[in-house]
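So you can see what is in the structure, the chains are spelled out below.
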Amino acid sequence: NRTFQLSLCPTGETGLGKSTLMDTLFNTKFEGDPASHSQPGVQLKSSTYDLQESNVNLKLTIVSTVGFGDQINKEDSYKPIVEFIDAQFEAYLQEELKIKRVLHNYHDTRIHACLYFIAPTGHSLKSLDLVTMKKLDSKVNIIPIIAKSDAISKSELTKFKIKITSELVSNGVQIYQFPTDDESVAEINGTMNAHLPFAVIGSTEELKIGNKMMKARQYPWGTVQVENEAHCDFVKLREMLIRVNMEDLREQTHTRHYELYRRCKLEEMGFKDTDPDSKPFSLQETYEAKRNEFLGELQKKEEAMRQMFVQRVKEKEAELKEAEKELHEKFDRLKKLHQDEKKKLEDKKKSLDDEVNAFKQRKTAAELLQSQAQQAGGSQTLKRDKERKK
């Protein structure tokens, strides 16, 4: 009555058919804007759909990992996925910690299953796949899937499955195992665990095979039927994921992965079940202790900032004093230089004045001599005139 909630995160490199498989799995064409694969990093895009079948409602959330594996440097490709999963856990934890909780109709966006798509190389897992699954195995239920499994032969597929399982075990990657503790599903789940990873094919095209319309892929050499168990493991995946183990996936997400995140988060905040004396832990005391610790750290930071400020002020004052000293020295040098220049100019002026006075004296003497010569010449001319008249 409350509607089932299921969140899936199909993860894998671009071009492995993640969107097609989601459409095939739920027999729905999920509309969405085409994703750009030119982004510098991995972008996570969450879309929620309301599905209904036989009066059963399902609120399905699909988280797309756009651009996963597209970068040249794939070292940190897993980080946005881990951060997204932690963000959903944090949102649920914040709802739990509220005084008035509404968990009964809370839209649970925690990822219940990560369908990890593996490229059908037939050789071994890529380092990107191993690193990503290792980082995710403690945060989400991982179901490995060999995508586009019709690209390799049956014998190669069997060897590839064994190789993948061996590499996952040797690298300590914990994938989701279908539960076998319930007698009603123990047999089928035990059988299905042996088939992991599932080799699947997705197709939204329906072809007429015999008298029935079936989802299939048409090739020049023949037809691959999606729901034919002799051709691929699609039916096994759908049975295990949606019909048999959906509730266990939700339960494992809550009791294992979310509880691990919750415990680590509360321990970071200083909360414990018992104190050193094995007595029940007081929430009020923990809050007060954490508050006092925070205030103490805040005071230490303020004191450190104050000391740094004082140190910076002193350094600035020393720089200013040094600059002032340099300015004074420069002023004294310029003043002395000015005085020297002024003295030189005064000496030069005095020398020029002396030269001018000497020139004037010489000029006056020359003019006096010239006038005396003229007078002497005039008297001689007068004398000659007198003599001539006689």
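Owing to the predicted nature of the structure, the values given are computational and were not obtained by experimental measurement. For every chain, the first residue of the written sequence is number 1, and numbering continues from 1 along that sequence. The predicted origin of the model limits local features to residues at a pLDDT of at least 70 and limits the giving and counting of side-chain atom pairs to 80 or more, whereas totals for whole chains, interfaces and linings rest on all residues. For side-chain calculations, the full set of non-hydrogen atoms in the structure is used, while hydrogens and water are omitted.

Draft legend 1. Geometry of the overall build of the chain. For the purposes of this entry, the term helix denotes a DSSP run of H or I that reaches at least four residues, the term strand denotes a run of E that reaches at least two, and both are numbered from the N terminus. Tallying secondary structure elements over the chain gives eight helices and nine strands in all. Taking the principal axes of its C-alpha atoms as reference, the chain extends roughly 180 × 75 × 45 Å. Three labels apply to residues, based on accessible area from a 1.4 Å probe with only protein chains included: buried if under 20% of the type maximum, exposed if over 50%, partly exposed otherwise in between. Out of the 390 residues belonging to the chain, those deemed buried represent 32%. Here the analysis covers contacts within the chain between residues at least 6 apart in sequence; of these, 67% occur between residues at least 24 apart. In this description, accessible areas are obtained by the Shrake-Rupley approach with a 1.4 Å probe, and a residue is regarded as covered only by the protein chains that are shown. Surface exposure of the chain reaches about 26200 Å², of which carbon and sulfur atoms provide 52%. Throughout, a contact is declared for two residues whenever any of their heavy atoms are within 4.5 Å.

Draft legend 2. Examining the sheet that holds strand E4 (residues 114-118) more closely. Two strands qualify as a pair provided DSSP detects at least 2 bridges between them. On the basis of which strands lie adjacent, the open sheet formed by three strands has the order E4-E5-E6 and parallel pairing. Of all strands in the sheet, those bounded by a partner on one side alone are E4 and strand E6 (198-199).

Draft legend 3. Quick look at the domain arrangement of the chain. The domains assigned to the chain are domain 1 (3-269) and domain 2 (282-355). For the domain bounds, the source is a domain assignment made automatically or taken from a database. The C-alpha-based centres of domain 1 and domain 2 are spaced at 64 Å.

Draft legend 4. Structural detail: the nonpolar core. Within the largest apolar cluster, 70 residues are counted, with the highest numbers of intra-cluster contacts made by Phe26, Leu60, Leu115, Ile143, Phe198 and Leu237. If you tally residues by element for this core, the top one is helix H2 (residues 79-96), at seven residues. Excluding its chain neighbours within four sequence positions, the residues that come into contact with Phe26 are Leu6, Leu8, Leu51, Leu58, Leu60 and Ile242. Remark: nonpolar core denotes a set of buried residues (Ala, Val, Leu, Ile, Met, Phe, Trp, Tyr, Cys) joined through side-chain atoms within 4.5 Å.

Draft legend 5. Representation of the side chain of Thr11 within the structure. Relative to the assigned elements, Thr11 resides in the loop between strand E1 (4-8) and helix H1 (18-25). With near-sequence residues (within four places) excluded, Thr11 lies in contact with Lys18, Thr65, Phe68, Ile81, Cys114, Leu115, Tyr116 and Phe117.

Draft legend 6. Broad picture of the UniProt feature "coiled-coil region" (unreviewed entry) in the chain. UniProt positions are given in the numbering used here, feature names are shortened, and annotations may be inferred rather than shown by experiment. According to UniProt, the "coiled-coil region" (unreviewed entry) feature falls on residues 306-362. In this annotation, residues 306-362 is assigned 100% helix and 0% strand; the end-to-end C-alpha distance for the span is 82 Å.

Draft legend 7. Spotlight on the packing of helix H5 (residues 183-195) against helix H6 (residues 234-244). Across the interface, H5 lies against H6 with an axial gap of 11 Å and an inter-helix angle of 135°. Relative to H6, the element H5 is oriented oblique. Every pair of crossing elements has a handedness; the one defined by H5 and H6 is left-handed. Of H6, the residues touching H5 (which contributes Val185, Ile188, Asn189, Met192 and His195) are Lys236, Met240 and Val244. In this classification, Asp, Glu, Lys and Arg are treated as charged, Ala, Val, Leu, Ile, Met, Phe, Trp, Tyr, Cys and Pro as nonpolar, and every other residue, Gly included, as polar. Residues of the contact of H5 with H6, tallied by class, amount to five nonpolar, two polar and one charged. Lines are fitted to the C-alpha atoms to define the axes, a helix being fitted only along its stretch in contact, and any angle between axes, read from their N-to-C directions, falls within 0 to 180 degrees. An angle counts as roughly parallel when it lies under 35 degrees, as roughly antiparallel when it exceeds 145, as roughly perpendicular when it falls between 65 and 115, and as oblique in every other case. By definition, any crossing whose near helix is turned counterclockwise from its far helix by less than a right angle is left-handed, and any crossing with a clockwise turn is right-handed.

Draft legend 8. Representation of the packing of aromatic side chains. Two rings from Phe, Tyr or Trp (for Trp, the six-membered ring) form a pair when their centres are within 6.5 Å of each other. A pair whose planes differ by under 30 degrees is stacked, one over 60 is edge-to-face, and the rest are tilted. With the rule as written, the count across this model stands at ten aromatic pairs. Measuring from centroid to centroid gives 6.0 Å for Phe89 and Tyr258, while their planes differ by 55°, and the two rings are tilted. Of this pair, Phe89 sits in helix H2 while Tyr258 sits in helix H7 (residues 246-268), placing them 169 residues apart in sequence. Grouping residues by exposure puts Phe89 and Tyr258 together as buried. Relative to Trp221, the ring of Tyr219 has its centre 4.9 Å away and its plane inclined at 5°; by these criteria the two rings are stacked. Overall, Tyr219 belongs to the partly exposed group, its relative accessible area being 24%. An aromatic cluster is built from Phe89, Tyr92, Tyr106, Tyr258 and Tyr261, whose rings are joined through pairwise contacts. A ring has a charge above it when a Lys NZ or an Arg CZ is no more than 6 Å from the ring centre and no more than 35 degrees off the ring normal. The ring of Tyr92 carries the charged tip of Arg110 above its face, separated from the ring centre by 3.7 Å. The ring of Tyr258 is capped by Arg110, whose NZ or CZ atom sits 4.9 Å from the centre of that ring.

Draft legend 9. Structural context of the pairing of E4. Burial analysis of E4 places five of its five residues in the buried class, which makes it a mostly covered element. On E4, burial covers both faces: Cys114, Tyr116 and Ile118 on one face and Leu115 and Phe117 on the other are all buried. Note: E4 against strand E5 (residues 142-146), five bridges, orientation parallel. Counted as the bridge partner of Leu115 is Ile143 from E5. A crossover links E4 with its parallel partner E5, the connecting element being helix H3 (residues 127-136), and its sense is right-handed. Crossover handedness is defined here as right-handed if the route from the first strand over the helix to the second strand goes clockwise, with the strands pointing away from the viewer.

Draft legend 10. Structural view of unusual backbone geometry. Residue Leu196 is joined to Pro197 through a cis peptide bond whose omega torsion reads -5°. Following the sequence through the fold, Pro197 ends up in the loop between H5 and E6. Phi at Asn27 is positive, roughly 50°, even though this residue is not glycine. With respect to the helices and strands, the residue Asn27 is situated in the loop between H1 and strand E2 (43-53). A relative accessible area of 56% places Asn27 in the exposed class. The residue Lys148 is not glycine, and still its phi comes out positive at about 45°. Tracing the backbone through its elements, the reader meets Lys148 in the loop between E5 and helix H4 (154-170).

Draft legend 11. Spatial organisation of the pairing of strand E8 (residues 212-219). Two strands pair when backbone bridges link them, and strand E7 (residues 206-209) and E8 are joined in this way by four bridges, in the antiparallel orientation. For Ile209, the partnering residue across the bridge sits in E8 and is Lys212. Relative to strand E9 (residues 222-225), E8 runs antiparallel, the two sharing four bridges. Its bridge partner lying in E9, Ala216 is registered against Gln225.

Draft legend 12. Spotlight on the pattern of salt bridges. Salt bridge criterion: a side-chain nitrogen from Lys or Arg within 4 Å of a carboxyl oxygen from Asp or Glu. Within the structure shown, the criterion is met by 20 salt bridges. The salt bridge partner of Lys29 is Asp23, with a shortest N-O separation of 3.7 Å. A salt bridge links Lys236 to Glu229, with the shortest nitrogen-to-oxygen separation between them at 3.2 Å. Here Glu229 falls in the partly exposed class, since its relative accessible area comes to 45%. Through salt bridges that share partners, Lys161, Glu229, Asp233 and Lys236 make up one connected network.

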